[in-house]
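# A closer look at the structure
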Amino acid sequence: GWSGVVVVSQCGTVDGDVADEAQSPKASSLDGAGGFFSTASENDARGGADVGLEVECWKSPREHGEVWAVASVDPKGSLLVIGTRKHRNSSANVVSFEDSRAEEYEVVQQLVIERDYGAFNSVDVSESTAAVAIACQKAICVFALGNAQQDRTAQFRLGDRAVCCRWSAHDAHVLCVAHGESGEISLLDTRLSESSATVLKVRAHAYASRCATFSSSSGHILATGGDDGALRMWDTRNCASDAAALCSINGAHEHSVCSVRFHPRFGLAATCGTDGLGRIWDINSACSAERSTRSRLRNSMLSGECQHPSLLMTCPDHDDAVYDVAWAHDDDFNLASVSFDGRFCLRPMLDDARYRFLLT
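Let us look at the structure shown here. (Residues numbered from 1 in each chain as written. Predicted model: local features only at pLDDT ≥ 70, side-chain atom pairs only at ≥ 80, totals over all residues. Heavy atoms only, no water.)

## As for the sheet that holds strand β22 (residues 257-262)
What the four strands build is an open sheet, ordered β22-β23-β24-β25; its pairing is antiparallel. Either end of the sheet is taken by a strand with one partner, and the two such strands are β22 and β25 (310-315). Ignoring strand direction, the axes of neighbouring strands in this sheet form an average angle of 20°. Relative to strand β23 (residues 268-273), β22 runs antiparallel, the two being bridged by five bridges. Looking at β23, one finds that R261 is bridged to A270. Relative to the sheet, helix α2 (residues 351-359) contacts β23, β24 (278-282) and β25, its axis offset from that of β25 by approximately 160°. (Pairing = 2+ DSSP bridges. Helix = DSSP H or I, 4+ residues; strand = E, 2+ residues; numbered from the N terminus. Axes fitted to C-alpha atoms, helices over the stretch in contact; angles between N-to-C directions. Contact = heavy atoms within 4.5 Å.)

## Notes on the nonpolar core
The nonpolar side chains of soluble globular proteins are, as a tendency, buried together. In this structure, V81, L111, I113, F120, V123, V132 and I134 are the most contacted members of the largest nonpolar core, which totals 17 residues. Among the elements of the structure, β6 (66-72), β8 (89-96), β10 (120-125), β11 (131-136) and β12 (139-144) are those that each provide at least two residues to this core. The contacts of F120, once residues within four sequence positions are left out, are W68, A69, G83, T84, R85, S90, S91, A92, I113, I134 and A135. (Core = buried A, V, L, I, M, F, W, Y, C linked by side-chain atoms within 4.5 Å. Buried < 20%, exposed > 50% of the residue type's maximum accessible area, 1.4 Å probe, protein only.)

## Describing a nonpolar patch on the surface
Taken together, the side chains of Y355, L358 and L359 make up a nonpolar region of the molecular surface, amounting to roughly 360 Å² of accessible area. With respect to the helices and strands, L359 occurs in helix α2. Its relative accessible area of 73% is what places L359 among the exposed residues. (Patch = residues over 30% accessible without salt bridge, like charges linked within 9 Å, V, L, I, M, F, W, Y side chains within 5 Å. Areas by Shrake-Rupley, 256 points an atom, 1.4 Å probe, with all protein chains shown as cover. Salt bridge = Lys/Arg side-chain N within 4 Å of Asp/Glu carboxyl O.)

## Describing empty space enclosed by the protein
Enumeration according to the criterion identifies two cavities of 30 Å³ or more in this entry. Every residue lining the second largest cavity is listed: G278, C315, D317, V325, L335, S337 and R347. Taken together, the residues that form the lining of the second largest cavity break down as three nonpolar, two polar and two charged. (1 Å grid on protein atoms, 1.4 Å probe; cavity = no way out; pocket = protein on both sides within 12 Å on 5 of 7 lines; lining within 4 Å. Points joined across faces, edges and corners; volume = space filled by probe spheres on them. Nonpolar A, V, L, I, M, F, W, Y, C, P; charged D, E, K, R; others polar.)

## Notes on the side chain of D275
In this structure, D275 sits in the loop between β23 and β24. R279 provides the closest opposite charge to the buried, salt-bridge-free D275, at an N-O distance of 4.4 Å. Within the structure, D275 has its side chain in polar contact with the backbone nitrogen of E254 (distance 3.1 Å). In terms of polar contacts, D275 uses its side chain to reach the backbone amide nitrogen of L277, at 3.2 Å. D275 has contacts with H253, E254 and H255, leaving out every residue within four places of it along the chain. (Lys, Arg positive; Asp, Glu negative; His and termini not counted. Polar contact = N/O pair within 3.5 Å; in protein donor to acceptor, adjacent residues only side chain to side chain.)

See the structure below:
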């Protein structure tokens, strides 16, 4: 957030209905890698529940300004891409956290963003190619990690604002983009020229679209959230209009949906919003086909037999807008969240919700 602190926390196993908390005012972005979570926050982390939370903080160099987004590069979380803003200038840097004695992080590679592209909003790293995608107000920039020339490998100027971008887990060259006020989402094929890169564009939400992400189990399934409070899922091969959504929950949150994250292995999705809540959804229950394996979600969606996901659990851990959530990679049922109230919370799924999911 505003004072440019990056917080890296290693979380132990959490049992029971107790959130693991660390104070970090104005936290704005969250990413998980291995047993680590990295957050972009305003001030140093303070305190923490006595359940195995280790916290380390690094201050961004003065010239970088506010930290607005973070994404993991490697499974251990020792390399991160940090997006910063200072006045009207945006920048992104690949940084190292190897030296825990340093007060500031070490910049490994600079990713130069032209001032004309506007403010930095979002960053994502492709797991398969390690390419970095950055969403700015007026463009999407793609960089190759380790490129000594520090040049962009691609850039895509947009007619609409870009507030979020996410790589597909199944196609290393495809990005989904949420466009903010227009309510639209689009798919970009980064192999194509700037004029033809947009291969799909659809009005996904009645008001602004805030987030979009691909399913980890299918390269065609996309989830979106917006200011209308709706969570929607799409088959990108058949979504020429908002009526083509596979399923829609219009009351997923009372206000804006800030983030949606698919579970990396199971048929679960987590959302968060400006109503101060995190929510966990059983997206397997959105399918009316066979109910036995995790391939059920993929098979039913591809056959078009999809109904509404069911709400498994609500997480009332914050006192203000929850900006981001992330699933733990080393524990199937732990969910982390960060909020404008300054708190990082690690929440295990309740036994009741876990059993209902596993036994259905």
